[in-house]
Structures are given as structure tokens and as C-alpha cells.
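# Results of the structural survey
Below are the chains, spelled out letter by letter.
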Amino acid sequence: MQRRFSRFADTVLGEPGIFRLMDDLDAALTGSQKLHMLGGGNPGNVGPVSEYFRRAFLRIGESADHFARVAGRYDGPAGNTQFRKAFAASLSAMYGWSLTESNVVLTQGSQNAFFLLLNLFSGPFPDGRGRKILFALSPEYIGYENSGLHENSLLAVPSKKIPLGDGFFRYTIDIERITQALQTGNIGAICISRPSNPTGGMLEDDEMKNLSSLARQFDVPLIVDGAYGDPMPGVVYGNGRPYYDDNTIFVLSLSKTGLPGIRTGIILAPADVCSVLERIQAVQHLAPGGLGPALVQEGIADGSFFKLCKEHLPVFYRERQRLAIDTLFNELEPDRDVQIHRPDGAFFLWAVFPRLTISTSELYLDLKKAGVLVVPGSYYYPGLPDDDRLSPEWEGQRSIRISYSQDLSTIQEGLSILCQVVREKNSRA
């Protein structure tokens, strides 16, 4: 029987990169083959933070009344009010922002948050004009691909590459091309991840101010995906304050603190945006889940949860980052064989292989056979025009994203296998 679906199904019936990524993650966790899982965005198991969550679970279960309040009733469509009040008050005190619970909406994970936001600001508008989400950096997060319900609703501006020497580089924004895109009047919002997924890079404070100024000039919001940054999980290794103002939508997540199985996203936004999101959620799923907020509400209110994350998570990931970089640079020649985006945060390396004789999509398959999972770089360019994909400067088929959230032996063994395969596939020139 040939099943007929609406055009809604067209957005996912190809092969979305996020589906392949999650499918491989599931295979790595459930299959019999030993796989070195260097793909996926699953956070590591960080002892003190995991223990905090375990004890919070026990406290909820010990009291019948507490358990009933958490699991036995719906919260409102914007999420638990007390949590939202505590979150707004804590961030206002930490950063000098003016937030109330009307600026906070909880969602079923930040992936869900971006599905809502990207469709809220792209597609047909009441004035008859179709608008797009503008990604000010490219490469950008794999999960944005196929999020738009309308065709051609995403547009990416290629990043500028700045060599830093000793095998490192960084991407920066191309203000001229971003401005040109905004001048068309066809942009509904600007979006970036900070720290970047996939590169681990952090746009610097002055770059954020430039983007914010452009967003305000052209009357579009600036959406910032802060899933890996401050104030939680706080996996930022250098400088760079979280950015928020009355034209910014700032999205956070409990997943990367160590709770990926409890889908809790947190949107900070102007009250009119939150009001629309609240109504969408009432239709979509009545209310977001309450377990995640219940686990951390006390630590959010007194600031101890933010402190716990900042004390333990960056240290945990930085140790693994150093091992990953050392392994790559010891087994491959920096700059000539491998180039790494300077990692300012998160728990990924973005590696480019200039002499590779095959695409990294093919490299991905060879590595999978060898027992190593990574993610091909070509998936991280949602909305990039075909002309840019055909440019000799495009690095999508010469790059991969490597996760270093696993145990040290998995990282070292997996990367050694990767380097061996890359050496075999490199040109001799």
C-alpha cells in the first residue's frame, strides 16, 4: 500500500543529518560492535554533577506530595512558573539583565525550541513576503537542517577563515555579506550558536555587538543558541559573556549539563515572543515536562547549580580536549595534514584535512568500518547556497566534527585509528 502523506512529511523524508547522527548514536549504544563514539552531542558523565542529579531524583521520590507535584499534574504551557521566576531572577542578578517570568518559556528540549523559533520567524508573513532565517556563521548546527516547514526558509552566509598558525584557525562573520542579505528585506531573524556547534568557536563580544546592531537596524531578532555556554553548562574556556538584550532570543538547555534524556529547553525572549510561544505549546503538547525544572530549581534559585557546573564541567572537557588535540597533532602534521578550529567552548573539535583524496562523507564510512564514529562536515551547512558549496574554498567535504566527551581511552584509541585512516587516504604530494 502506497501511503500518502502531506507536504509536512517532505521536510524529513530525505535523509536529515540529525536523523543519521541520532541513528548512529543509538547503534553505538545498543550494537555488538565496539565503536569509538566520537560523533554525537551526548555529554560526558561528570561525577559531582551526576551525583547532584541523582540526589535530586531521590528527594523527589521520597515524598509522595513532592512526587505528585512534579509528575501528577500539568504545568502551564510556558512551563513551571516558580522555576521561570527563579531563572529570571538569577540571571538578572548575575548579568544585570531585566528579566521576569514573562521573559522565560520552557520547551521539550532546545531542539524543540529551535523548531518553534525558526518557523516563527521564517516562511510566509502577513505582508505577503516570504522570509528566511539567516545563519551568520557557516558551518552551523546540524539540527537546524530541515527545521523549516517551508521551502527555502534557511540562508547561510559563509564564514571567513582566519589562520592562527601552529595548525589552528578560526571562523569569523562576513559583515558585508550579512548586510547584503539583510538589505533584501527577506530575512526574518539572524541565528548563531555560541559556543558554536560544530566548531567550538566563540564569536567575540565585539562581533556579537556588530550582529546585534545589524539585527536592530533591520528590525529582526538575533537568536543565540547557548546550549553549551554560560551560565550553564558553562563549557567555555576563554572570555565572552552571554549576550542578551530586548531584541535577542537566548536559548539554553539542561541537556548539556548532563540531562539529555530529560528534554528541557529554556528560551529567554521579549515578552511578546514568549506569549506566542506559550500559545503554540498549548496546542502542540499542552505543557512542557516538569521533571527537569524540578531537579534543578533549588540550585537555580540560590545559584549553586550554576556554580557546580562551572567548577566541574569545563575542567572535565578541557582535559579531553587537550588529549584529542595532542593525538591529532602528534600523528598528523599540523597545517599540512590537519587544521583545527580554535576550540573556545563546547566539547567538539572541527578538523579540516587539506590533503584528503576522498570526501569526508566517504571517510565517515571508512571510519565506521574501522570502529570509529564521527560526523561528516558537509551536514553542518544548512541554508548554504549551491554557489558557495561549489566554491573551492568550501571545506564541507574536507572536514569532520569530533566529540571529545567520552572516556580518555576511547578518545585516544579512536583518534589514533582516525589518523591512520587519514594517512592512508592523503595525497602523497
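Residues numbered from 1 in each chain as written. Predicted model: local features only at pLDDT ≥ 70, side-chain atom pairs only at ≥ 80, totals over all residues. Heavy atoms only, no water.

For the structure on display, the rule yields 21 aromatic pairs. Both rings, one in Phe114 and one in Tyr144, keep their centres 5.2 Å apart while their planes meet at 45°; by these two values the pair is tilted. Taken together, the residues Phe114 in helix H5 (residues 110-120) and Tyr144 in the loop between strand E4 (130-135) and strand E5 (154-156) connect sequence positions 30 residues apart. The class of Tyr144 is buried, set by a relative accessible area of 0%. (Phe/Tyr/Trp six-rings, centres within 6.5 Å; stacked < 30°, edge-to-face > 60°. Helix = DSSP H or I, 4+ residues; strand = E, 2+ residues; numbered from the N terminus. Buried < 20%, exposed > 50% of the residue type's maximum accessible area, 1.4 Å probe, protein only.)

Next up on the list: unusual backbone geometry. In this structure, Pro231 follows Asp230 across a cis peptide bond, with omega equal to 5°. Here Pro231 is to be found in the loop between strand E9 (222-225) and strand E10 (248-253). Across the junction of Met232 and Pro233, the peptide omega takes the value 5°, indicating a cis bond. For Pro233, the location among the structural elements is in the loop between E9 and E10. You will see that Asp166, though not glycine, has its phi angle at about 60°, which is positive. Look at Asp166 and you get exposed, because its relative accessible area is 65%. Phi is positive for Asp219, close to 60°, though the residue is something other than glycine. Position of Asp219 among the secondary structure elements: in the loop between helix H7 (205-217) and E9.

Okay, the nonpolar core next. Side chains of nonpolar character tend, in soluble globular proteins, to be buried together. Judged by nonpolar contacts, the single largest core of 91 residues is most densely connected at Phe87, Met232, Phe353, Ile402 and Leu418. For this core, the element with the most residues is helix H11 (residues 304-331), which contributes twelve residues. Here this core gathers at least three residues from each of two domains, domain 1 (16-48 + 308-427) and domain 2 (73-302). Every residue in contact with Ile402, bar those within four places of it in the chain, is listed here: Leu38, Leu328, Phe347, Phe348, Leu349, Ala351, Val374, Leu415 and Leu418. (Core = buried A, V, L, I, M, F, W, Y, C linked by side-chain atoms within 4.5 Å. Domains from an automatic or database assignment. Contact = heavy atoms within 4.5 Å.)

So, about the sheet that holds strand E7 (residues 168-172). The pairing of strands in a sheet happens through backbone hydrogen bonds and is either parallel or antiparallel. Taken in spatial order, the six strands make up an open sheet running E6-E7-E12-E13-E16-E15, and their pairing is mixed. Every interior strand has two partners, whereas the edge strands, strand E6 (160-165) and strand E15 (375-376), have only one. Bridge count between E7 and strand E12 (residues 339-341): two bridges; the pairing is parallel. Across the sheet, residue Phe168 finds its bridge partner in E12, namely Ile340. Sheet strands touched by H11: E7, E12, strand E13 (348-352) and strand E16 (399-403). Its angle to E13, the strand with the most contacts, is close to 15°. (Pairing = 2+ DSSP bridges. Axes fitted to C-alpha atoms, helices over the stretch in contact; angles between N-to-C directions.)

Taken over all residues, the pLDDT of the chain has a mean of 90, while the share at 70 or more is 94%. Confidence scores differ between elements of the chain, with helix H1 (residues 17-30) showing the lowest mean pLDDT of 57 and E12 the highest of 98. (pLDDT = per-residue confidence, 0-100.)

Another point: the packing of helix H12 (residues 360-369) against helix H14 (residues 408-425). Packing of H12 against H14 leaves a shortest axis separation of 10 Å and a crossing angle of 130°. Of the possible angle classes, the one that applies to H12 and H14 is oblique. Between H12 and H14 lies a crossing of right-handed hand. Residues Leu363, Asp366 and Leu367 of H12 form the contact with H14, whose own contacting residues are Leu418, Val421, Val422 and Lys425. Its residues assigned to classes, the contact of H12 with H14 shows five nonpolar, no polar and two charged. (Parallel < 35°, antiparallel > 145°, perpendicular 65-115°, else oblique. Left-handed = near helix turned anticlockwise from the far one by under 90°. Nonpolar A, V, L, I, M, F, W, Y, C, P; charged D, E, K, R; others polar.)

Before going further, it helps to spend a moment on the state of the cysteines. Any covalent bond linking the sulfur atoms of two cysteines counts as a disulfide. All told, the structure shown has zero disulfides when counted by the stated rule. Take Cys274: it sits in no disulfide, and the sulfur closest to it among the cysteines is that of Cys191, at 16 Å. (Disulfide = S-S within 2.5 Å.)

Its domain assignment divides the chain into domain 1 (16-48 + 308-427) and domain 2 (73-302). The distance between the C-alpha centroids of domain 1 and domain 2 comes to 24 Å. With 44 residues of domain 1 in contact, the opposing surface of domain 2 contributes 47 residues. In total, domain 1 and domain 2 occlude about 3700 Å² of area from one another, counting both sides; carbon and sulfur atoms represent 60% of this. If you sort the residues of domain 1 by the area they bury against domain 2, His341, Arg342 and Pro382 come out on top, with a joint share of 17%. (Buried area = accessible area lost by both parts, 1.4 Å probe.)

Let us look at the UniProt feature "domain: Aminotransferase class I/classII large" (unreviewed entry) in the chain. The positions that UniProt labels "domain: Aminotransferase class I/classII large" (unreviewed entry) are, in the present scheme, residues 73-411. Spanning residues 73-411, this segment combines 37% helix with 19% strand, and its end C-alpha atoms are found 43 Å apart. (UniProt positions renumbered as here; feature names shortened; annotations may be inferred.)

Summed over all chains, the structure comprises 17 salt bridges. The salt bridge partner of Asp230 is Lys310, with a shortest N-O separation of 2.8 Å. Separated by 80 residues along the polypeptide, Asp230 in the loop between E9 and E10 and Lys310 in helix H11 bring together distant segments of the chain. Among the residues examined, Asp230 registers a relative accessible area of 17% and is labelled buried. For Arg342, the salt bridge identified is with Asp344, shortest N-O distance 2.9 Å. Looking at Arg342, the relative accessible area reads 28%, which means it is partly exposed. Through salt bridges with shared partners, a single network forms among Glu51, Arg54 and Arg55. (Salt bridge = Lys/Arg side-chain N within 4 Å of Asp/Glu carboxyl O.)

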